[in-house]
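Close look at the chain arrangement
The residues making up each chain are set out below.
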Amino acid sequence: MSVRIILADDHPMFLQGLKRLLERADFEVVGEAGDGREAVRLATEKRPDVAILDLAMPLLNGVDAAREIGKAAPGTKTIILTTYSEDQCVREAMRAGVSGYLLKTKAASDLMQAIREVSQGTIYLGEGLSRDLLQLQPEAGGGRENPLSGRERQVLQLIAEGKKIKEIAAILGVSVKTIETHRMRLMDKLDIHETAGLVRYAIRMGIIHV
């Protein structure tokens, strides 16, 4: 039986090229998304074997999308496919429960192997990444390095992307008052009380990438 896959990347040309590559290798691409929120919706609806996610995506980054997919479709394995090779990025992904992490600059054969291995329950790190990171375990409940809830991280990303409170409320399907409450809570938790500081924190923690 062919491995069923969804793809998420905010670069349409890359997305279509990746789809053609995988289909030529006899994988079944059952959905494509241009942002992390759409990837979570697709994973929930399609229940694929594997979700291949870009790291830096609008609305919801790849790591937080992987967290949400892990809750909504626990049978779906996630692979981050990105240009970011920094240990911090890989570390955050591993702690979020990602099964594979690969670089876009490496050979396509690396991706094919990763899909086969993670679909069988193996953790896969691509060429050029530290093997030591394989020892990291998924986070059990946040911890000091990740003090924000999933919804607070979503709100933080949208603030850091320059969205206004009303826009964020519309995107997340909640009231303006709810978003204002999340904003106040995350500011209190981080002891950061201006937008510029929130943007710097989001960049430092890999919630957005520049």
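Scroll up for the structure.
So, how was this worked out
Residues numbered from 1 in each chain as written. Predicted model: local features only at pLDDT ≥ 70, side-chain atom pairs only at ≥ 80, totals over all residues. Heavy atoms only, no water. Pairing = 2+ DSSP bridges. Helix = DSSP H or I, 4+ residues; strand = E, 2+ residues; numbered from the N terminus. Contact = heavy atoms within 4.5 Å. Axes fitted to C-alpha atoms, helices over the stretch in contact; angles between N-to-C directions. Buried < 20%, exposed > 50% of the residue type's maximum accessible area, 1.4 Å probe, protein only. Arc of directions from axis to C-beta. Salt bridge = Lys/Arg side-chain N within 4 Å of Asp/Glu carboxyl O. Right-handed = clockwise from strand over helix to strand, strands pointing away.

What follows covers the sheet that holds strand S1 (residues 4–8). Within a sheet, neighbouring strands are paired by backbone hydrogen bonds and run either parallel or antiparallel to one another. The six strands are arranged S2-S1-S3-S4-S5-S6 in an open sheet whose pairing can be described as parallel. Where the open sheet ends on each side, the last strands, each with one partner, are strand S2 (28–33) and strand S6 (124–125). Pairing geometry for strand S5 (residues 100–103) and S6, over two bridges, is parallel. Paired with Gly-100 across the two strands is Tyr-124, which belongs to S6. Its contacts with the sheet place helix H1 (residues 12–24) against S1, S2, strand S3 (50–53) and strand S4 (77–82), and it is angled at close to 170 degrees to S2.

Moving on, we come to helix H9 (residues 195–204). The complete set of buried residues in H9 reads Gly-197, Leu-198, Tyr-201 and Ala-202. Looking down the long axis of H9, one finds its buried residues gathered within 140 degrees of arc, a one-sided arrangement. Looking at H9, the residues exposed on the side facing more than 90 degrees away from the buried face are Arg-200 and Arg-204. Contacts made by the buried residues of H9 are with helix H6 (150–160) and helix H8 (176–190).

In this section: the pattern of salt bridges. Scanning all chains against the criterion turns up 13 salt bridges. Among the salt bridges present, the one from Asp-9 reaches Lys-104, with a minimum N-O distance of 2.8 Å. Of this pair, Asp-9 sits in the loop between S1 and H1 while Lys-104 sits in the loop between S5 and helix H5 (108–119), placing them 95 residues apart in sequence. Among the residues examined, Asp-9 registers a relative accessible area of 3% and is labelled buried. For Arg-67, the salt bridge goes to Glu-92, with nearest N and O atoms at 3.7 Å. One end of the pair, Arg-67, is in helix H3 (residues 62–72); the other, Glu-92, is in helix H4 (residues 87–95), with 25 residues separating them in the sequence. By the burial criterion, Arg-67 is buried, and Glu-92 matches it.

Attention shifts here to the pairing of S3. Every regular strand shows the same layout, with side chains that alternate between the two sheet faces. Here S3 shows a buried face lined by Val-50 and Ile-52 and a second buried face lined by Ala-51 and Leu-53. As a crossover connection, the stretch from S3 through H3 into S4 is right-handed.

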